[in-house]
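Examination of the molecular architecture
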Protein chains: 2
Amino acid sequence: MEKVFVFGHKNPDTDSITAAISYAYLKEQLGMNVEAVRLGTVTGETAYALEHFGFEVPRLIEKAATEVGRVILVDHNEKQQSVDDIEDVQIIEVIDHHRIANFETSDPLYYRAEPVGCTATIVKKLYKENGIEIPKNIAGLMLSAIISDSLLFQSPTFTEEDRLAADELALICETDPLVYGLEMLKAGTDLSGKSLED
Amino acid sequence: MEKVFVFGHKNPDTDSITAAISYAYLKEQLGMNVEAVRLGTVTGETAYALEHFGFEVPRLIEKAATEVGRVILVDHNEKQQSVDDIEDVQIIEVIDHHRIANFETSDPLYYRAEPVGCTATIVKKLYKENGIEIPKNIAGLMLSAIISDSLLFQSPTFTEEDRLAADELALICETDPLVYGLEMLKAGTDLSGKSLED
Ligand SMILES: [Mn+2]
Ligand SMILES: [Mn+2]
Ligand SMILES: [Mn+2]
Ligand SMILES: [Mn+2]
């Protein structure tokens, strides 16, 4: 089976990077040949989360069509936020929590958007719907994304569904969201622009 | 709670009419104030299905914004297939199985598209995900939609998921899909352009 790329938006935040990793893991369990990749430099916050839960930084790509014919978008849908050659590949799935704009396909696809505060909250549901257990370290990434997108549960976009997801993920990864979350957000401030890969 | 309209595309087929009815019923069970409406004349096929399972033809609307502020689209997403004043209302949900084009929102929404042969196949999943039992007559409408969109299970867009859904719905509504389906399709041929409301 030909490989499929999974990626979030340019100038990736923690949700874009970790949703790519956690959704790619789910699709692998379901038998798809996928690779989580990224469209830009990770922030210090994201680097902290990846290292804390034992993940490598995903590979940076500049083009998709040179390597794959099909892609899955997470945490975005607008063309201008996506890979430069998005018009040259088939988008087979989108998992997102933003408004829909500048998005068009020529074929039917799986599109899952929900008006919640974080892509991770939707990905968590998809693990459940597909009967796949969330590994401890993947739960840690998803929790990191909810903390990041909600600014430690403060943002007005943070919903009751996000709260329930965060509570459950915190149990799975045995992490105190407030203690860990403050450290993670602090890492973003400290290392801003000086991420691991630079 | 202000009412929300649920409707399929203009020149409605059986899927557009029955998905509006069956999804509206689900949303009602979940506590939303909704009304299934239609954007055009129903075909003889659709009239046959509605009458067979004991439903009225939904009310025809020409505009939405004169009555509601928010709408749910089923079986379509493209603006030109939707209500004339679609730009004047908020689309809060879309349940569809077509490509995405000429579609844009200013706010996040619930968007559920899957690459299957019929909207009813997705609506059936949503009943399950929300823990709502499918009433016998609603199952009959959903089965009618799958029969219609797949031309009695023959169309190349008909997937394994549609087949499983049709089998389960046939059991719930205690209907032989082949016998009933032929009658329904025949009603479409006989009454084409001479539907009940004309
Ligand atoms: Mn983001
Ligand atoms: Mn996000
Ligand atoms: Mn249709
Ligand atoms: Mn349809």
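Predicted model, so just to flag it, every value in this text is computed and none were measured. (Residues numbered from 1 in each chain as written. Chains lettered and ligands numbered in written order. Predicted model: local features only at pLDDT ≥ 70, side-chain atom pairs only at ≥ 80, totals over all residues. Heavy atoms only, no water.)

**Some thoughts on the confidence of the model for chain A**
Detailed reading of predicted coordinates is not advised where the pLDDT is low. Across chain A, the average pLDDT comes to 95, with 96% of residues at 70 or higher. As scored by the predictor, the complex reaches a pTM of 0.94 and an ipTM of 0.93. (pLDDT = per-residue confidence, 0-100.)

**Overview of the coordination of the manganese ion (ligand 2)**
Residues and elements named next belong to chain A. On the protein side, the manganese ion (ligand 2) has Asp15 (OD), Asp75 (OD), His97 (NE2) and Asp149 (OD) as donor atoms, found 2.2 to 2.3 Å from it. Each donor residue of the manganese ion (ligand 2) lies on the same chain, and together they follow the pattern D-x59-D-x21-H-x51-D. Separating the manganese ion (ligand 2) from the manganese ion (ligand 1) is a gap of 3.5 Å, bridged by Asp75, which donates to each. On the criterion of sequence distance, the pair formed by His97 in the loop between strand 5 (90–96) and strand 6 (110–113) and Asp149 in helix 4 (residues 136–149) is long-range, its members being 52 residues apart. Residue classification places Asp149 among the buried residues on the basis of a relative accessible area of 19%. (Donors = N, O, S within 2.8 Å, 3.2 Å for Na, K, Ca; no water. Helix = DSSP H or I, 4+ residues; strand = E, 2+ residues; numbered from the N terminus. Buried < 20%, exposed > 50% of the residue type's maximum accessible area, 1.4 Å probe, protein only.)

**With respect to the packing of aromatic side chains**
Across all of its chains, the model carries 9 aromatic pairs over all chains by this definition. Ring geometry for Phe103 of chain A and Tyr111 of chain A: centres 5.3 Å apart, planes at 75°, overall edge-to-face. The same class applies to Phe103 of chain A as to Tyr111 of chain A, namely buried. Ring geometry for Phe53 of chain B versus Tyr180 of chain B: centroids 5.3 Å apart, planes at 70°, classification edge-to-face. With Phe53 of chain B in the loop between helix 2 (44–52) and strand 3 (59–60) and Tyr180 of chain B in helix 6 (residues 177–191), this residue pair connects regions lying 127 residues apart in the sequence. According to the relative accessible area criterion, Phe53 of chain B is buried, its value standing at 11%. Among the residues examined, Tyr180 of chain B registers a relative accessible area of 4% and is labelled buried. A network of ring pairs unites the aromatic residues Phe103 and Tyr111 of chain A together with Phe103 and Tyr111 of chain B as a single cluster. (Phe/Tyr/Trp six-rings, centres within 6.5 Å; stacked < 30°, edge-to-face > 60°.)

**Here's the deal with the nonpolar core**
Counting 51 residues, the largest nonpolar core has Tyr23 and Ile146 of chain B as the members making the most contacts within it. The greatest single-element share of this core, amounting to 8 residues, is contributed by helix 4 (residues 136–149) of chain B. Apart from residues lying up to four places away in sequence, Tyr23 of chain B is in contact with Val6, Ile72, Val74, Glu93, Ile95, Val123 and Leu126 of chain B. In terms of nonpolar packing, the next biggest core, distinct from the first, is built from 50 residues, Val4, Ala19, Ile132 and Ile138 of chain A among them. (Core = buried A, V, L, I, M, F, W, Y, C linked by side-chain atoms within 4.5 Å. Contact = heavy atoms within 4.5 Å.)

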